[in-house]
Amino acid sequence: MESGSDVPHSNGYLINGELGDFANCSSGTTYCWSVEYGKTYLLRIVGAVVDDEVFFAIAEHNLTIVGVDAADIKPIPTSYIMISPGRTMDVLLTTNRPPGRYYMASRQFLTEDALTDNYNGSAIIEYIGDYNFSSSPIFPHDLPQSLDLKAAMRFTSLIRSLANENYPISVPVNVTKRMLIAVAMNELCRNRTHCNVTAGSADIMASSLNNISWANPTVDVLQAHYRNISGYYRTDFPDWPLVMYNFTEDTNERDTYMTDQGTKVKVLNYNESVEVVFQGTGVLDGASVHPMYMHGYSFYVIGMGKGNFNKETNPLTYNLVDPPKVNTFIVPKHGWLAIRFVANNPGVWLWHCHFERHLTWGMDTVFIVKNGDTEETSLRPPPSYMPLLVRATKTIS
Ligand SMILES: [Cu+2]
């Protein structure tokens, strides 16, 4: 992957560590969960698939989503969910169906049909009691197909903060820092002095934020920041795309598909109110959804839509009443996503697309949030015994 190749495709999807009954290499150890009739169970579901989002459903049973990324939401009754890597959901399940055995199943959701792998992960819920289970478990027929973008977006758009008296929200209203981040697939020159490649003759497959493909430094940004060591990162991550273009068009223009590589971070003052609009792109025909994930913060998702973001009209549609508070959210394919947060957690925070292949190819950067005025609002210094770790450099050739 360091040289820009793709990751191996999966041979199956696991539920609690087991492949289930439908994978070729299943060892016949399908996870089975015993339930009592007439109870309501709380399921904590974690999106632990590193390179895909997945749909999930339980046959014949409705699910009620009550929490996302550890924040309460307005309950969502649904027959399926779509969960991104890094996301968590709290889901209520009421066992009120005829006692029997039912499959819970997961299926890859993706927007690039070339990568479809058609494996269903599965586990079984089994009602406790003296029942005669003569037939195979029932499969959840409401589980959407892998390429069902509408089903994914329909579910995603239902997520809203609880936002009531007991669970108020605090979405920033007066924004002090705005950024527009184009999220793109790219090519990167293997040798920076010979960049005369044409589309498709890729030197290295890469991805970027604002045409900067993240390069891991030999000293971590966190350590360099803590110790005030210069030379390992730069602070000029751009607030806007370096090149403006029709983002949502599938394009093979060289200016847009070639990216720079660098360790460029964004520095924020303590307590700044930040709005970031992520703009999906069709560069190199690589349009896809991207689950953007931020470390150190939850953020409010105040808007999303199709097409190129319009800074005059789209903000008029922002939801400042009950926007979901999350740490992961998908940038729609050929669309945009607007988020807000208050930079009140000083430190060095990686944020990135949570698809492993995109992350590794460079779709990430770092926020450094400065200290506040008090000890309570400042980073503690590193312990005196902490060694300086220097990573060996690797040259791609
Ligand atoms: Cu991505």
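Residues numbered from 1 in each chain as written. Predicted model: local features only at pLDDT ≥ 70, side-chain atom pairs only at ≥ 80, totals over all residues.

When its secondary structure is counted, the chain shows four helices and 24 strands. Taken over C-alpha atoms, the radius of gyration comes to 23 Å for the chain, in line with the 21 Å a tight globule of 397 residues would show. Along the first, second and third principal axes, the C-alpha atoms of the chain reach 70 × 55 × 55 Å. Of all 397 residues assigned to the chain, the portion counted as buried reaches 39%. Expressed as a percentage of contacts within the chain between residues at least 6 apart in sequence, the contacts between residues at least 24 apart total 79%. (Helix = DSSP H or I, 4+ residues; strand = E, 2+ residues; numbered from the N terminus. Rg over C-alpha atoms; globule rule 2.2 N^0.38 Å. Buried ≥ 20, exposed ≤ 12 C-beta atoms within 10 Å, placed from the backbone. Contact = placed C-beta atoms within 7 Å.)

By the assigned domains, the chain splits into domain 1 (32–156) and domain 2 (177–369). For domain 1 versus domain 2, the separation of C-alpha centres amounts to 31 Å. Of the residues lining the interface, 17 residues belong to domain 1; the matching set on domain 2 comes to 18 residues. At the level of elements, strand 5 (71–78) and helix 1 (149–156) are the ones that each hand at least two residues to the side of domain 1 that touches domain 2. Taken together, the residues of the side of domain 1 that touches domain 2 break down into seven nonpolar, four polar and six charged. (Domains from an automatic or database assignment. Nonpolar A, V, L, I, M, F, W, Y, C, P; charged D, E, K, R; others polar.)

Positive phi outside glycine occurs at Glu60, with the angle close to 65°. Looking at the secondary structure, you find Glu60 in the loop between strand 3 (53–58) and strand 4 (63–68). The class for Glu60 is partly exposed, based on 17 C-beta atoms found within 10 Å. Phi at Leu284 is positive, roughly 55°, even though this residue is not glycine.

The next point concerns the nonpolar core. Counting 92 residues, the largest nonpolar core has Phe55, Ile81, Val183, Phe278, Val301, Leu337 and Ile339 as the members making the most contacts within it. Per-element accounting of this core gives the leading share, seven residues, to strand 10 (residues 177–188). Looking at which domains feed residues into this core, each of domain 1 (32–156) and domain 2 (177–369) gives three or more. Non-local contacts of Ile339, meaning those with residues more than four positions away in its chain, are made with Val276, Phe299, Tyr300, Val301, Ile302 and Phe329. (Core = buried A, V, L, I, M, F, W, Y, C linked by C-beta atoms within 7 Å.)

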